[in-house]
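What follows is the residue order along each chain.
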Amino acid sequence: MKYKLVVFGVKTSTISLMETFKEDIDLIVTIGDTTRQNNHIAEEGDFSEFAKINNIECYSTEDYSLKSDVDFFKNNEFELGISYGWQRLIPQYILDRFETGIFGTHASPLGLPYGKGRSPLNWSIIRGFNQVYFNLFRYVVKADSGMMYSTVKFEINHWDTVESIKMKDLIVTRIEVAKLINDYKNNSIKLFEQKKDIEETFFPKRTPKDGKINLNHAMIDIYNLIRGTTRPFPGSFLEYEDSSVILWDAVPFDTVLDFSRYEVGEIIDFFGGKFILKLINGVLLVKDFECGRRLKKGIILV
């Protein structure tokens, strides 16, 4: 069997992207339910239902690394691959089977090769950058290192969270992937090298425990951590006795009023289900939070 256009993905955002060019897709490669659960996928999507509705073949594997799927990929032929929301390296033996190549996306706050690796959108917000470069490139076996097809800059503004940045990323992906498919059909794909004046760096993998808030940090850094790890990710948290207090939405509240009589980490007051929290250089308004026990004015979060 020869498949002209193949999409690799495991997330709801993958399905959102595929809606744009579903008439062109011949095959979807995704993972089975057991593998999805074992890998704690932040977003879920019903790939089998999408494939059925749109009359697209769906190949589901229980090996997220694809190292156990040799028979399928070596017994079929492939032309162009799109990887979006796959979050794993694709083995060389599969890359070699695609005549045009497999293309994927990666965000970087300064442009590739800076900021390769894991969770680039989260890290871009957490580290206080005000822009992201979307990159569409052809995969090689080394992570985020292939020849570029396109790069598009968009902003991280003061009101963005990782949720809204993911929306921007999807909007740009739809546009750029549509261009790539059109160039593929016209045999006119042109590639260029990654920037040579930027040092190659890698963002590390993030885990839920990395969301622990350090109250010795400045308010802007805590704000960036909260908005960079909010839903659909595990969130940022403080602790009260034996319970975690997840801060889903919070904004800087004030740096001028005198709250010096309160301790850092103290809940100063509640207002309609929201509370204000003392930090080392100001006060944070916590607008959306989650805790397994009742919080009240005057308690200290750590």
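Conventions we followed
- Residues numbered from 1 in each chain as written.
- Predicted model: local features only at pLDDT ≥ 70, side-chain atom pairs only at ≥ 80, totals over all residues.
- Heavy atoms only, no water.
- Pairing = 2+ DSSP bridges.
- Helix = DSSP H or I, 4+ residues; strand = E, 2+ residues; numbered from the N terminus.
- Axes fitted to C-alpha atoms, helices over the stretch in contact; angles between N-to-C directions.
- Contact = heavy atoms within 4.5 Å.
- Phe/Tyr/Trp six-rings, centres within 6.5 Å; stacked < 30°, edge-to-face > 60°.
- Buried < 20%, exposed > 50% of the residue type's maximum accessible area, 1.4 Å probe, protein only.
- 1 Å grid on protein atoms, 1.4 Å probe; cavity = no way out; pocket = protein on both sides within 12 Å on 5 of 7 lines; lining within 4 Å.
- Points joined across faces, edges and corners; volume = space filled by probe spheres on them.
- Nonpolar A, V, L, I, M, F, W, Y, C, P; charged D, E, K, R; others polar.

Undergrad: Give a description of the sheet that holds strand 11 (residues 243-254) that names residues and reports values.
TA: What the five strands build is an open sheet, ordered 10-11-14-13-12; its pairing is antiparallel. Taken across any chain shown, the strands that pair with only one partner, and hence form the sheet edges, are strand 10 (236-240) and strand 12 (267-271). Between one strand axis and the next, the sheet turns through 40° on average, direction left out of account. Bridge count between strand 10 and strand 11: five bridges; the pairing is antiparallel. The partner of Glu-239 across the bridge, within strand 11, is Ser-244.

Undergrad: Pulling in residues and values, what's your account of the environment of Met-18?
TA: Among the structural elements, Met-18 can be located in helix 1 (residues 12-18). The spatial distance from the C-alpha of Met-18 to the C-alpha of Thr-173 is 11 Å, given a sequence separation of 155 residues. The residues touching Met-18, leaving out its near neighbours within four places in the chain, are Val-7, Ile-25, Ile-28, Phe-47 and Phe-50.

Undergrad: So, the sheet that holds strand 5 (residues 98-108): which residues are in play, and what are the values?
TA: The strands that make up a sheet pair up through hydrogen bonds in the backbone, lying either parallel or antiparallel. The mixed open sheet is built from seven strands, whose spatial order is 3-2-1-4-5-7-8. Lying at the two open borders of the sheet, with one neighbouring strand each, are strand 3 (57-61) and strand 8 (148-155). Averaged over all neighbouring strand pairs, the angle between strand axes comes to 20°, with direction disregarded. Bridge analysis of strand 5 against strand 7 (residues 131-138) gives six bridges, and the strand direction is antiparallel. By the bridge assignment for strand 7, Ala-107 is matched with Phe-134.

Undergrad: Explain the packing of aromatic side chains to me, and be specific about the residues and the numbers.
TA: Any aromatic ring pair is given by two values, namely how distant the centres are and how the planes are angled relative to each other. Across all of its chains, the model carries 20 aromatic pairs by this definition. Centre to centre, the rings of Phe-8 and Phe-73 are 6.4 Å apart; their planes meet at 10°, and the pair counts as stacked. A residue pair is termed long-range when its members are at least 10 positions apart, and Phe-8 in strand 1 (residues 2-8) and Phe-73 in helix 4 (residues 70-74) qualify at 65 residues. A relative accessible area of 0% means that Phe-8 is categorised as buried. For the pair Tyr-114 and Phe-129, a centre-to-centre distance of 6.3 Å together with 70° between the ring planes defines the contact as edge-to-face. Here Tyr-114 is found in the loop between strand 5 and strand 6 (116-117), whereas its partner Phe-129 is found in the loop between helix 6 (120-126) and strand 7, with 15 residues between them in sequence. These aromatic residues form a ring-pair network of at least three members: Tyr-3, Phe-8, Tyr-59, Tyr-64, Phe-72, Phe-73, Phe-78, Trp-86, Tyr-93 and Phe-98.

Undergrad: Residues and numbers for the layout of surface pockets, please.
TA: Volume-wise, the largest pocket comes out at about 1,500 Å³. Along the walls of the largest pocket sit 50 residues, with Lys-11, Gln-87, Arg-118, Ser-119 and Phe-233 positioned nearest its centre. Those elements giving two or more residues to the lining of the largest pocket turn out to be helix 1, strand 5, helix 6 and helix 7 (162-185). Take the lining of the largest pocket: its biggest share by element is five residues, from helix 7. Class assignment of the residues belonging to the lining of the largest pocket gives a composition of 20 nonpolar, 17 polar and 13 charged. Estimated volume of the second largest pocket: approximately 170 Å³. As for the second largest pocket, its lining consists of Trp-123, Ile-126, Arg-127, Arg-206, Asp-210, Lys-212, Ile-213, Asn-214, His-217, Asp-221, Ile-222 and Leu-225. For the lining of the second largest pocket, the secondary structure elements donating two or more residues are helix 6 and helix 8 (219-229). Ranked by residue count, the leading element in the lining of the second largest pocket is helix 8, at three residues. Of the residues belonging to the lining of the second largest pocket, the class tally is five nonpolar, two polar and five charged.

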